[in-house]
Amino acid sequence: MAGREGGIRRAGLLGVLVALAAALAFFGITAVLGGYPPVARYGGAAWVFLLTWIITMPVLAPLLKARS
């Protein structure tokens, strides 16, 4: 049981890290390209973070549970 919970926690942490990396990449690309208002960059980065986290959690959890 502890291995299963540990896998889910690792999946949660890894999902947050992947989502944070995607959001930072989005923000960096929009900052380099320019021409976007700050609210679009911040809002877009938050949106990318949320969607990436939602998408990666169901994918990562079974993979990490199977390894533990």
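One can find the structure itself at the top, above this paragraph.
Residues numbered from 1 in each chain as written. Predicted model: local features only at pLDDT ≥ 70, side-chain atom pairs only at ≥ 80, totals over all residues. Heavy atoms only, no water.

Concerning the overall build of the protein chain
1) Next: For the protein chain, the count of helices and strands is two helices and zero strands.
2) Next: In terms of overall dimensions, the protein chain is more spread out than a globule: its C-alpha atoms have a radius of gyration of 15 Å, far above the 11 Å expected for 68 residues.
3) Next: Each of the three principal axes of the protein chain carries a C-alpha extent, and together these read 50 × 15 × 15 Å.
4) Next: For the protein chain, the proportion of its 68 residues judged to be buried stands at 22%.
5) Next: When contacts within the protein chain are restricted to residue pairs at least 6 apart in sequence, those whose partners lie at least 24 apart make up 73%.
6) Next: In the form shown here, the protein chain has an accessible surface area of approximately 4,700 Å², with 76% of it arising from carbon and sulfur atoms. (Helix = DSSP H or I, 4+ residues; strand = E, 2+ residues; numbered from the N terminus. Rg over C-alpha atoms; globule rule 2.2 N^0.38 Å. Buried < 20%, exposed > 50% of the residue type's maximum accessible area, 1.4 Å probe, protein only. Contact = heavy atoms within 4.5 Å. Areas by Shrake-Rupley, 256 points an atom, 1.4 Å probe, with all protein chains shown as cover.)

Quick notes on the side chain of T52
1) Next: Looking at where T52 falls in the secondary structure, it is placed in helix α2 (residues 38-67).
2) Next: When sequence neighbours within four positions are dropped, the list of residues in contact with T52 reads V18, A19 and A22.

Quick word on the environment of L20
1) Next: Along the polypeptide, L20 turns up in helix α1 (residues 2-33).
2) Next: The partly exposed category is assigned to L20, whose relative accessible area is 42%.
3) Next: Considered as a pair, L20 and W53 are 33 residues apart in the sequence and their alpha carbons are 8.4 Å apart.

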